[in-house]
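Letter by letter, the chains look like this.
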Amino acid sequence: MLNNFPLHLHPMSQFSAAITACNTESKFAEAYSKGVSKASYWEYMFEDSMNLIAKLPPIAATIYRNLYRDGSSIGAIDKEKDWSANFTSMLGYDNPTLTELMRLYLTIHSDHEGGNVSAHTVHLIGSALSDPYLAFAGGMNGLAGPLHGLANQEVLVWLTKLQKDLGPDASEELVKEFVWKTLKSGQVVPGYGHAVLRRTDPRYIVQRDFALKHLPEDPLFKLVSQLYKIVPQILLELGKVKNPWPNVDAHSGVLLQYFGMTEMQFYTVLFGVSRALGTTASMVWDRALGLPIERPKSMTTEGLMKLVGAV
C-alpha cells in the first residue's frame, strides 16, 4: 500500500493510513469479537500495543525512503540492535551519534501528559474499545495539525529567516530587534511558551546538553543559544506570556538538520513514532482499570444563552 501511494501525499497521511490498515492484525479486536472477558481486555491491548510499536519504525522508514531516497529498501531488522538503532538504520543513516540522538528524541517526545491533542485523542478513541491501531491512527491525525506537531518545523523556518536576514554572526541588538519585529507584527516566537509548563522545558535542556557535547560550533545551535538568553527577557517585558521559556520544539529541528535529516515534512512522523510509547501504555492502563467511554458534557441552547447572559 505504501509503495503505491502518490509521492505528493503528505508523510503523515501515509503514516496514519498504514497504521489503520494494520488493524486487520489486531489481537484485541479478534478477542473482543469472540466475547473475551472484560477483565482480560488489557492483555490483548498490551499485545497489540507491543506489535504496533514494533511496526512503526519500518512503516515510517518506508515512507521516508519512498519520498526522499528513491524507494530504496529499508533492509532487514537486526535483532542485535535496539529499537532506535534499527529505526535509524532503516532510515538510511549509520552515524552512531545520530543513533544516540534518535534514542534521546524518541524518549523525550513519547508523551508528557494526557491533555495534548494526540494523547487525548488516542484515549478518547480507545474508550470506545477501538483497538490500538485505530486509536493511535486517530491520534496521529491530531498530531498532523499545525498547532500540534508542526512546531519544530515552524521554529526552523523562523530561525532560517532570521539567519538569512541578519547573517550568521548577528549581534545581540540585531537579534533583539528581529524578535520585537516578530512580536509587533502579531506573530509569536516559535518554540517559546508551553500550555502547562511554567519553566524551561526539561526536554529542551537535555537537547541543549546533547548539542553542547556534539555540535557546539554549529551556526544554528549558536543562534538557538543566543535566543535562549534574549527571548525570555523580551517576553517577560511584554508581560502577556505565562511561560516565556523555551520548549522542546525550540531545539529538535536544529539537531536533526545538523545530521543531514533536512526533510522537515517528515519530522512529525518521527514525533508520531515516539508518541506510541506513551499513548499505548496509557491505553493498556485504561482497559486494565475498566475506564468508561469518554463523553463530553452537552449543553442546551437555553443553557448557552444563560452562560453568555442573554436571558
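Here is what the cut-offs are and how they apply
- Residues numbered from 1 in each chain as written.
- Predicted model: local features only at pLDDT ≥ 70, side-chain atom pairs only at ≥ 80, totals over all residues.
- Heavy atoms only, no water.
- Helix = DSSP H or I, 4+ residues; strand = E, 2+ residues; numbered from the N terminus.
- Rg over C-alpha atoms; globule rule 2.2 N^0.38 Å.
- Buried < 20%, exposed > 50% of the residue type's maximum accessible area, 1.4 Å probe, protein only.
- Salt bridge = Lys/Arg side-chain N within 4 Å of Asp/Glu carboxyl O.
- Core = buried A, V, L, I, M, F, W, Y, C linked by side-chain atoms within 4.5 Å.
- Expected span 1.5 Å × (residues − 1).
- Arc of directions from axis to C-beta.
- Contact = heavy atoms within 4.5 Å.
- Axes fitted to C-alpha atoms, helices over the stretch in contact; angles between N-to-C directions.
- Parallel < 35°, antiparallel > 145°, perpendicular 65-115°, else oblique.
- Left-handed = near helix turned anticlockwise from the far one by under 90°.
- Nonpolar A, V, L, I, M, F, W, Y, C, P; charged D, E, K, R; others polar.

> Quick rundown of the overall build of the chain? Include the residues and the values.
Within the chain, the regular secondary structure consists of 14 helices and zero strands. In the chain, the succession of α and β elements from N to C terminus is α-α-α-α-α-α-α-α-α-α-α-α-α-α. Expected size for 311 residues packed as a compact globule is a radius of gyration near 19 Å; at 22 Å, the chain falls within 12% of this value. Projected onto the principal axes, the alpha-carbon positions of the chain cover approximately 70 × 65 × 35 Å. Taken across its 311 residues, the chain has 47% of its residues classed as buried.

> Give me the lowdown on the pattern of salt bridges, citing residues and values where you can.
Overall, the coordinates contain ten salt bridges when judged by the stated rule. Residue lysine 161 is joined to aspartate 165 by a salt bridge in which the shortest nitrogen-to-oxygen separation is 2.8 Å. Here aspartate 165 and lysine 161 lie together in helix α8 (residues 151-166), a separation of four residues that amounts to about one turn. Accessibility expressed as a relative area gives 45% for aspartate 165, which makes it partly exposed. Close ionic contact of glutamate 217 with lysine 222 constitutes a salt bridge, the shortest N to O distance being 2.8 Å.

> Mind laying out the nonpolar core, listing which residues take part and the relevant values?
One finds Phe15, Leu91 and Leu227 to be the most contacted residues of the largest nonpolar core, which totals 74 residues. Tallying contributions element by element places helix α3 (residues 41-68) first for this core, with ten residues.

> Run through helix α10 (residues 202-214), naming residues and quoting values.
For α10, built from 13 residues, the straight-helix expectation of 18 Å at 1.5 Å per residue is met to within 8% by its first-to-last C-alpha distance of 19 Å. Taken residue by residue, α10 has Arg203, Tyr204, Gln207, Arg208, Phe210 and Ala211 as its buried positions. Taken around the axis of α10, the buried residues stretch over an arc of 160°, which confines them to a single face. Elements that come into contact with the buried residues of α10 comprise α5 (96-108), α11 (219-238) and α12 (249-258).

> Please give an account of the packing of helix α1 (residues 11-21) against helix α13 (residues 267-288) that cites residues and values.
The geometry of α1 relative to α13 is characterised by a closest axis approach of 8 Å and an angle of 30° between their N-to-C directions. Between α1 and α13, the angle falls in the class roughly parallel. As for the relative orientation of α1 and α13, their crossing is right-handed in sense. Along its contact with α1, which presents Pro11, Met12 and Phe15, the element α13 presents Thr268, Val269, Gly272 and Val273. A breakdown of the residues in the contact of α1 with α13 according to their chemical character gives five nonpolar, two polar and no charged.

> Account for the environment of tryptophan 42, with residues named and values stated.
Within the secondary structure, tryptophan 42 is located in helix α3. Judged by its relative accessible area of 37%, tryptophan 42 falls in the partly exposed class. A sequence separation of 246 residues divides tryptophan 42 from alanine 288, and the C-alpha atoms of the two residues are 4.9 Å apart. Leave out the neighbours within four places in its chain, and tryptophan 42 touches Val284, Arg287 and Ala288.

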